[in-house]
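Listed here are the chains, written in short residue letters.
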Amino acid sequence: MRPLAVLLVFALAGCMARSWDPHAPKTVVASEEGGAVTVKHGARLHIPLAADPNGTYEWKLIEPQLLKVMAEGPAEAGGQNFTPVRSGEEKLRMEYRPVQGEGDAKRVVSYDVTVPEKGIFGRMWDAIKRPFSRSKK
């Protein structure tokens, strides 16, 4: 009986390992209407702006030029993911425009994004990895 119980525990642990990742970033989901949102370093910002299934319109990032958060690849049907890259505040302005670039925006959404300064452990980790990130000449 005991080997069966041990086998069952390992089987359940294997199933949970595929569905739960303790190292996955926390996802902060913004409102579809825009507004203020705070996302910490190490987390992910998800902006749930649905794309046109026909592919005639797409969401385009209009502002800002210097980003505090960067897009994680192209937008998907369920929205766009962003990762914080610097601390500070910025306004993300997105427009729903024709893919061909002709015509007015169908919709405009703005987000006031705040990326707080890293905590003590984040600053310590940066200090530890800094000597290893320099390229050798």
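Residues numbered from 1 in each chain as written. Predicted model: local features only at pLDDT ≥ 70, side-chain atom pairs only at ≥ 80, totals over all residues. Heavy atoms only, no water.

Engineer: Break down the pattern of salt bridges for me, with residues and values.
Structural biologist: Under the criterion given, the structure shown has six salt bridges. For the salt bridge of Glu63 with Arg93, the shortest nitrogen-to-oxygen distance reads 3.4 Å. Taken together, the residues span a long stretch of sequence, with Glu63 in strand β4 (residues 57-63) and Arg93 in strand β7 (residues 88-98) at a distance of 30 residues. Owing to a relative accessible area of 33%, Glu63 belongs among the partly exposed residues under this scheme. By relative accessible area, Arg93 is classed as partly exposed at 24%. Between Glu95 and Arg93 there is a salt bridge, with its nearest N and O atoms 2.3 Å apart. Exposure remark for Glu95: the relative accessible area of 6% places this residue in the buried category. Via salt bridges that share partners, Glu63, Arg93, Glu95 and Arg97 belong to a single interconnected network. (Salt bridge = Lys/Arg side-chain N within 4 Å of Asp/Glu carboxyl O. Helix = DSSP H or I, 4+ residues; strand = E, 2+ residues; numbered from the N terminus. Buried < 20%, exposed > 50% of the residue type's maximum accessible area, 1.4 Å probe, protein only.)

Engineer: Which residues make up the environment of Lys60, and what values go with them?
Structural biologist: Inspection of the secondary structure assignment puts Lys60 in strand β4. Judged by its relative accessible area of 24%, Lys60 falls in the partly exposed class. Taking the C-alpha atoms as reference points, Lys60 and Val99, separated by 39 residues in sequence, lie 9.3 Å from one another. In contact with Lys60, not counting residues within four places along its chain, are Arg93, Met94, Glu95, Arg97, Pro98, Val99 and Gly101. (Contact = heavy atoms within 4.5 Å.)

Engineer: Describe the nonpolar core, and please don't skip the residues or the numbers.
Structural biologist: Val39, Leu45, Ile47, Tyr111 and Val113 are the most contacted members of the largest nonpolar core, which totals 19 residues. For this core, the secondary-structure elements that each account for two or more residues are β3 (44-47), β7 and β8 (107-115). In terms of residue count, β8 provides more of this core than any other element does, four residues in total. Once residues lying within four places of it in the same chain are set aside, the contact partners of Ile47 are Ala30, Gly78, Gly79, Gln80, Phe82, Leu92, Met94 and Tyr111. (Core = buried A, V, L, I, M, F, W, Y, C linked by side-chain atoms within 4.5 Å.)

Engineer: Can you tell me about the sheet that holds β3, naming the residues and giving the values?
Structural biologist: Read across the sheet, four strands follow the order β1-β3-β6-β5 without closing on themselves; strand pairing throughout is mixed. Sheet topology places β1 (27-29) and β5 (69-71) at the edges, where each strand pairs with a single neighbour. Each neighbouring strand pair of the sheet contributes to a mean axis angle of 30°, computed without reference to strand direction. Looking at chain direction, β1 and β3 are connected through three bridges and run parallel. Residue Val29 lies in a different strand from β3, and its bridge partner there is His46. (Pairing = 2+ DSSP bridges. Axes fitted to C-alpha atoms, helices over the stretch in contact; angles between N-to-C directions.)

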